Amino acid sequence: MEELRNRGQKRENRHRDTWDPFQLNPVGAEKEDKRTCFRIMQSFMAVLVGLLVLTSAVVSKGSLLTLVTLSSPYSLRSPTDRQFYMLLLMCVLLTPNLLVFLKCLWKCTFKSYVTPNMKTMVIMAVIEVLVAVGTAILVLIVMPQFDVLTNLFICGGVCILSSVLQIAFRLPQERWMIIFPVCSLILVLMGYILLGVDYYVRLSSHILDQDENCYMYVGIAILTSMLISLNWWENSLQASNNIQEMLSKLDGSRDFMYLFTSLLRIAVTIGIYFLYYGLIASPRIDFAEFSHIKGDALQVGLGLFFLQAFCSAACHWFGVVACKIHAVRMSFAFPVSLTGPTTLLVGLALFLTKAGNLDVGTHVIYVNFTPIDNPFLDFCAGLKKLQGSNTTSVVLLELSNSICRTSLNSHYALWPFSMLVVEGFCMWLGLIACTYYVWSMKVPRIERTSQLFVRRLYESAFINQSLLLNVKMKVKYPDSIDEAENCVIYLCATMWHETYDEMLKILTSMFRLDRYRGDPKNEHQNAFDFECHIYVDDAFQKDDETGKKSVNAYVNDLIHVVTEVYRVFTNKEPDEVSIIETPYGGRLMFVLPEGNMLYIHLKDKLLIRNKKRWSQIMYMYYLLGWKGYIVKNPQKITRQNNPCRASLVSLDGQAFLLPNYDNDSKRKYISDENTYILALDGDTDFHPSAVILLVDRLRMYASVGAACGRIHPTGMGPMVWYQKFEYAVGHWLQKTAEHVFGCVLCSPGCFSLFRGSALMDDNVLKRYTTKSTRASEYVQYDQGEDRWLCTLLLQQGWRVEYNAASDAFTNAPQEFKEFYNQRRRWGPSTLANTLDLLHSGRETVKRNTSISMLYIFYQIFTVASSILGPASVTLMVAGAFQFVLSLSGTLSIIIAVIPPIVYMLICFLTKTNFQLTIASILSILYAFLMTAAFFAIIGDMIKEETFITPTGIFLISMTVMYLITAILHPMESGLIIYGLMYFICIPSGYLLLTIYSLVNMNNVSWGTRESNKDKVEKKHKGVLCNRNCKLCCWDVSIQVTQETENLMLQQIQQAATKSAPAAQTEMKEMTTQESQKHSENDKQAVENNKNVAKDREDTKKPLSKRKDLDSDSEKSFSEGESSIERKDIIDDEDNSDSDNFTYDGQEEEEEEEKEVVPESDWVRPVKDEFLKKLTYANLKRNLQEQIKYTLRNKNEEDLCEELVQMLTDTVNEELKDKVGPEDIISDSQLEELQDALNESARRILKTNRKKRLEARVKRAIERTLVAPQVEKLSEDENDFWKKLIERYLEPINDPKSHKEEVERELKSLRNKAVFLYFIVNVLWVVATFILEAIGSDLITIKIPKYLPNGTLSDEPLKVEPLSLMFLLSFAILLIIQFLAMLYHRVYTLIHVLAYRGSEKDYKEKDEDDEMMILENQLTDGVVISGEDF
């Protein structure tokens, strides 16, 4: 209700000024606030991940300590059991190395790798061997000699070398932070000292089960801990920027290196195990005894091993997830740091609560000795009595026995146990101090795991220590806005006969992105530079009578949409508008509300090639070729006389470089790898988050050449419902499988982000300009240009990815005819490009590290499935006949084959419209049949009293799988309701549509968005009257054309000339006088418009000065020279305030004669359209909003309100009684109004003692009164366009003979494709028919039939081998895609959570004291600061 009142209030305010206060408010124009559900989900996931990290770490640590305790020589288990547990303990150490080996083997086998040099290999091998030796000796030999508490505490000593290296290399960024590694080293050393003292006390106190060699084991533990700490040597050295050459080489060869070193570590660990327990230890290991292990020991040992292995891997993975979702402190550092204390507390809690249940027997009697009052003495003495008890928990018994080996079992005093506690505290605190940097680590929104952690995986014996020490000490993070603004995005939309509503979607999306990007001073993590480019095909029309060229209705709609959306976002009209005539037609240039640029390129099909592919070539060459060339050659950029003023605009009260000039300058410092092109359709609707998520994919991996988002079809009707589920299934399963197992084959042109360097690569953009000359090229190149472009990228080694969280919406065909014509283009093009990729499969695998031969085989299987699609659907229809009509199998197949054969003949013999009519009728009939078959299958399962049939299992499993998939896509789960529509339309989509697209392959027209306006105009051209009269059997048509009227007028004129020449003369005089009178009235009526529209030539008027100052601000350095040449305007720098700018004659300026820009016929109507901003009502609203916009960051709300009120009153006083609300203000009235407004503003500011804001307010007034500019291109750019058109984009005018030859080739290609499809599908159907006709038990597969009660039926189910093989193949394909979807869902969730955690808040900055220094890259030595204004 509040929103309704607000809108009503705004409308009332507008209604005071005009009789037309109504406006559009497109959906999505409001600011995008952070969704509460996402905030809750992010917090919930952070807590959940933190709990999972802590739980898995505690379980991993606890299970390891338990295995060590069970394998201890002081354990109460039998020797054989201890040897078995020791073997499992060794397997625990091998598991991480085995996982690393498998991962690296996969990458080296199916990806590319670099072989390291021998020096690096030897160094890495020596370090890994030392680490493996230390780990094996400590875990397998030393730790079994200690008690469980000592083993828990001693692991913290593995950080000792990291502390030493941090101190040696002075790695902490702040000097005072050196105290952390120093304290860590001291605490660890204290811990080792206390460990030695503790064992000295134990021996002196004669505590049970203490080895006299314990000092040796303590020394070995210290030495092995130092060896293990070598595991993370890279962290310190990499952070210190030392030996960077070796480390940089190592980064490129880690896969091969870890493949070798993991095997080396496995061999060393196994060697130490067999060396000690096979030759040194007593008793020696005897594998033959393992066959006598009892079941409970086997169960306990294997359970602990799998629990430890799984929880260690899970802890590592959840730790990585915690870092990637920006929950480093809460979900990573905090739980990992608490692993040791939590394990201790949980163990002691279990010991204290469960130990009392152990029946340890009676009180121990001592002779000649009275011990201290220690309750543990009797408890520990009675544990050995429970050694053979079957009712006692083995784990609890062994842990209790291990604790009894500490000072708690002392006969003399309990205080020595405190040394063990202090030892543990020192070790734990030393680890925390050594890894202090983890708590302050900043992670980019999306980062590769290799950039967050030093090593690939973890150390299972030291899970919490390895996770903390493995975090890189230096993680790249864009701390400043300069580092974040390292990419530029060009939004390029192609338009082809879009409707008003479709244009509204794309323009609203662009304005949303402009608002999101915001003021260049507003720092946020998603900062980037962007420009919007819209390329309008077929933008002009020509009047055959006058020969004048003008923009067509689509361009007029686009202009109205831009104005309307601008008004919605800012409540005012566009400020900067430039009209430019170009060799390809024309260009409109706008400055968006937040300072970003919008260009509308109007293509004349008589001057340049139209259609989407050629528009793409046009903007790729312009943005990547031309703009890239001029930034590499600054001397080619046209200079302006006064860069200190002409290159600046002031939309929000802050001065900054004109965006297009700024972007061109920044391109000099932005590589082609960080230059992106966002390909869009003219009806695409998206939010800024969708763009950011795609940018993340390209920023994360340098090998990604393109990334696409989730495309949602919009519209209403059955055809749209079908496409909604079809798109959902295609993205849920097919695209995710392509992304996970290889690369996405098609990045749709309606919403895809391309890397500039990828498009500029060899054999990509140059090949993309190829003009189709052969039949196959027409199908592959022009019918699916986006798929062909992706094929070129894949063949050059670039990766194409899919981001499921990047949502975009586009209109889908709502009519049956339009849908079939669209798929008639897509089907053959998809097949042609896929076959092209498979044909070059071996070469592609060599070049593309993301594509393997397994992926090629996967695509071969999918292509084969699609080729067999018509036969499969035909057999499905036959099964439906069999279910519904109870026909025999052979007769059902014969009946099912007839409709597709007949329809194929119809497609060959009749016209397209008749084909589509028949297809629509057959689709309806097939839909009824599939609906009946659906219920018949259910009825058959009820009749057979089991669903364990091939059809039943397939149907149920498909339903369950799609339901689970939909649930895993919560934002799209509602699409599952369209699944039934998709099911009943399968024959239409996979049978009839395939036949239609194949038979009509020779038709290479676009088929969609075809306009009938030209045809209608031609049909009714010159017709003045057209009437039909039907009476009985008579049908009379009367048509009066212009030619008929002219002929009649000539006859009347000749007759009148002969009879009354005098009367004719008198009539001519009267007519002449009357026409002159009307002409004078017309001239007077439009004089105001012309005065406003024409350029001011009187240089002595004050308005001309205003015009000169502002026109430069609207010029683009990259777009061309200014039509008015001026000399520099010298700023008055005496006033130190940043807002003061010299206006009133304080500068010296010489005005030269203005260069006249010739205007084409189409320019004047477009310019007049933008002059509507100078109507009385619009001018008043624009002035109010401009003042508010100018002072929005000045904390001058009261002054702003007073200015708005007084200036509005001034406008009313000057214009209220002179013009109407919708009349355009004349030139003289504008001059008078500007003087009055400046004077009113000066008085108000002087009264409020805010003189420093005078220049700012004057600029706001100036911008309100400025008119659109007509400019021209620079000579260099004009020459570029002419040569580009001449070389690649000249309109195609093929001779008739060539067209006839291409038509013959297309028909020949069509015949070959149809023949191939026909033969393959006929063979499949015939094979099934023969097997069905034979019906022998010898060639059928019998499947046991189970009844609902679980009993086995006497009669088995019989299935043909081909049908079963097809079902199994299809099921395996779906299972593979389903597993890929699960994998992709997890990482999509991580990305979304990371984005939501760093999402921009729409908060305007209030600080105005800080300087904004802008470097003018085109003027040597010129630095612009706030004081210059």
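Cut-offs applied
All residue numbers here refer to positions counted from 1 along the written sequence of the relevant chain. Per-residue local features are limited, in this predicted model, to residues with pLDDT of at least 70; the limit for side-chain atom pairs, both in listing and counting, is 80 or more; totals at the level of whole chains, interfaces and linings are taken over all residues. Heavy atoms from the whole structure form the basis of all side-chain values; hydrogens and water molecules are not counted. Side-chain rings of Phe, Tyr and Trp (the six-membered ring for Trp) are treated as a pair once their centres are within 6.5 Å; stacked means planes under 30 degrees apart, edge-to-face means over 60, and tilted covers the remaining angles. Secondary structure counts use DSSP, requiring at least four H or I residues in a row for a helix and at least two E residues in a row for a strand, with both numbered from the N terminus. Only protein chains enter the accessibility calculation, which uses a 1.4 Å probe; a residue whose area is less than 20% of its type maximum is buried, one above 50% is exposed, and one in between is partly exposed. In our convention, an over-ring charge means Lys NZ or Arg CZ found within 6 Å of a ring centre and within 35 degrees of that ring's normal. Between any two strands, pairing holds if DSSP finds at least two bridges. pLDDT is a per-residue confidence score from the predictor, ranging from 0 to 100. Note on definitions: a residue-residue contact is assigned when non-hydrogen atoms from the two residues lie within 4.5 Å. Cavity: a set of points on a 1 Å grid over the protein atoms alone where a 1.4 Å probe fits but cannot get out. Pocket: an open set with protein on both sides within 12 Å along at least five of seven lines, its lining residues, like those of a cavity, having an atom within 4 Å of a point. Grid points are joined across faces, edges and corners, and a volume is the space filled by probe spheres set on the points. Each residue is assigned to one of three groups, with Ala, Val, Leu, Ile, Met, Phe, Trp, Tyr, Cys and Pro labelled nonpolar, Asp, Glu, Lys and Arg labelled charged, and all others, Gly among them, labelled polar.

Regarding the packing of aromatic side chains
A complete count under the given rule lists 43 aromatic pairs for this structure. Judged by centre distance (5.8 Å) and plane angle (75°), the rings of F725 and Y962 are edge-to-face. Note that F725 is positioned in helix α27 (residues 718-741) and Y962 in helix α38 (residues 950-967), a separation of 237 residues in sequence. Each of the two residues, F725 as well as Y962, counts as buried. Among the aromatic residues, ring-to-ring pairing joins Y722, F725, F816, F819, Y820, Y962, Y982, Y990 and Y996 into one connected group. The lysine or arginine in question, K611, covers the ring of W496, its NZ or CZ lying 5.3 Å from the ring centre.

Side note on the pairing of strand β7 (residues 597-603)
Judged by how many residues are buried, β7 sits mostly within the fold: 7 of 7 residues are covered. Because side chains alternate across β7, one face comprises the buried residues M597, Y599, H601 and K603, and the other comprises L598, I600 and L602, equally buried. One ladder, built from 6 bridges, connects strand β2 (residues 529-536) with β7; its direction is parallel. Looking across to β7, one finds that V536 is bridged to L602. In the sheet, strand β6 (residues 585-591) pairs with β7 via 7 bridges, with the strands oriented antiparallel. Each bridged residue has a counterpart across the sheet, and for V591 the counterpart in β7 is M597. Between β6 and β7, which follow one another and run antiparallel, lie 5 residues, and G595 among them has a positive phi close to 100°.

Some details on the confidence of the model for the protein
Summing up the model confidence of the protein, the mean pLDDT is 78 and the portion of residues at 70 or higher is 74%. Scored below 50 in pLDDT, residues 1059-1154 makes 178 contacts in the model with residues more than four places away or belonging to other chains.

Some points on helix α31 (residues 785-795)
Among the 11 residues of α31, 11 are classified as buried, and the element is accordingly described as predominantly covered. For α31, the complete set of buried residues consists of E785, D786, R787, W788, L789, C790, T791, L792, L793, L794 and Q795.

Overview of empty space enclosed by the protein
In total, this model carries 11 cavities of 30 Å³ or more according to the counting rule given. Here the largest cavity defines a volume of roughly 190 Å³. If you trace the largest cavity, you find 19 residues lining it, with N97, R265, R455, Y458 and E459 closest to the centre. Sorting the residues of the lining of the largest cavity by element identifies α3 (79-110), α4 (118-142) and α11 (254-280) as the ones contributing at least two each. Ranked by the residues each element gives to the lining of the largest cavity, the list is headed by α11, at 5 residues. Per-class residue counts for the lining of the largest cavity are 8 nonpolar, 6 polar and 5 charged.

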